[in-house]
Amino acid sequence: MPRWLRENALTVAMLGAFLIFLLLQSVFGWQVHNEELTQYGAAPLSWWAYLGTGHFAEAVFENWESEFLQMGGYVLLTAYLVQKGSAESKPEDQKDRPDDDPRRAKPDSPWPVRVGGLPLAVYRNSLSIALLMIFAGSFLGHLLGGVVAYNEEQALQSGAAPISAVQFLGTSDFWFQSMQNWQSEFLAVGVLILLSIVLRQHASPESKPVTAAHAETGA
């Protein structure tokens, strides 16, 4: 295996799986959407045309929204909350890691650490900020794609006049779509936090060592 691929294998595997499943989602979503169009006597769309529809955008961003909310919230909450015995928690008495002290900056430390001040303050929280910004963008994508899909569906079913994105934001339909994903994401993380107390996966950084006591907190 080439060195570059070996050093980046985890990212390549995850993003490769993402692209494969996104492609499959678009194909199956295209078929479902065309079946719906046919039921109402409308002409089916090509696959390329489907990629520009609200149906596809809504489905994609609705899921991205929940994933990045979960990850951003998880990163932020684990900075302040603990769970005794969990590999996903920092130690109970740990306030901040010694290596997070900017006075311990090394020549190869990121430049905000070496500069200090506002750049350091932002950089210290940059991971959760980035994840929550992607969540906000996905939320907007869900809203804009969802209102297009909603208006298309209403036009096919009853010929109703289209509504605005702001009006769609106030519908139970939009929030039902969001909540059904948000609850499952936080359930999955909560289950991982609890199961990592007593269960193990050797060689995984998400697990405590196999020999660690159940009460030991952190990986």
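In this text the structure is predicted, and so the values were computed from the model without any measurement. (Residues numbered from 1 in each chain as written. Predicted model: local features only at pLDDT ≥ 70, side-chain atom pairs only at ≥ 80, totals over all residues. Heavy atoms only, no water.)

*Asks:* Which parts of the structure should I look at to understand the UniProt feature "transmembrane region" (unreviewed entry) in the protein?
*Replies:* Those residues carrying the UniProt feature "transmembrane region" (unreviewed entry) are residues 129–150 and 182–199 in this numbering. Overall, residues 129–150 shows 100% helix and 0% strand. The separation of its end C-alpha atoms is 31 Å. Taken end to end, residues 182–199 comprises 94% helix and 0% strand; its first and last C-alpha atoms sit 25 Å apart. (UniProt positions renumbered as here; feature names shortened; annotations may be inferred. Helix = DSSP H or I, 4+ residues; strand = E, 2+ residues; numbered from the N terminus.)

*Asks:* Can you help me understand a negative patch on the surface in this one?
*Replies:* On the surface, Glu35, Glu36, Glu153 and Asp173 cluster together to form a negatively charged patch. Here Asp173 lies in helix H9 (residues 172–198). Judged by relative accessible area, Asp173 falls into the partly exposed class, the value being 31%. (Patch = residues over 30% accessible without salt bridge, like charges linked within 9 Å, V, L, I, M, F, W, Y side chains within 5 Å. Areas by Shrake-Rupley, 256 points an atom, 1.4 Å probe, with all protein chains shown as cover. Salt bridge = Lys/Arg side-chain N within 4 Å of Asp/Glu carboxyl O. Lys, Arg positive; Asp, Glu negative; His and termini not counted. Charge placed at Lys NZ, Arg CZ, Asp CG, Glu CD. Buried < 20%, exposed > 50% of the residue type's maximum accessible area, 1.4 Å probe, protein only.)

*Asks:* Help me understand the environment of Gly72 in this model?
*Replies:* For Gly72, the position within the fold is in helix H4 (residues 54–78). Given a relative accessible area of 0%, Gly72 falls into the buried group. Once the C-alpha coordinates of Gly72 and Met133 are considered, the two residues, 61 residues apart in sequence, prove to be 8.8 Å apart. Beyond its immediate sequence surroundings of up to four residues, Gly72 is in contact with Ser128, Leu131 and Leu132. (Contact = heavy atoms within 4.5 Å.)

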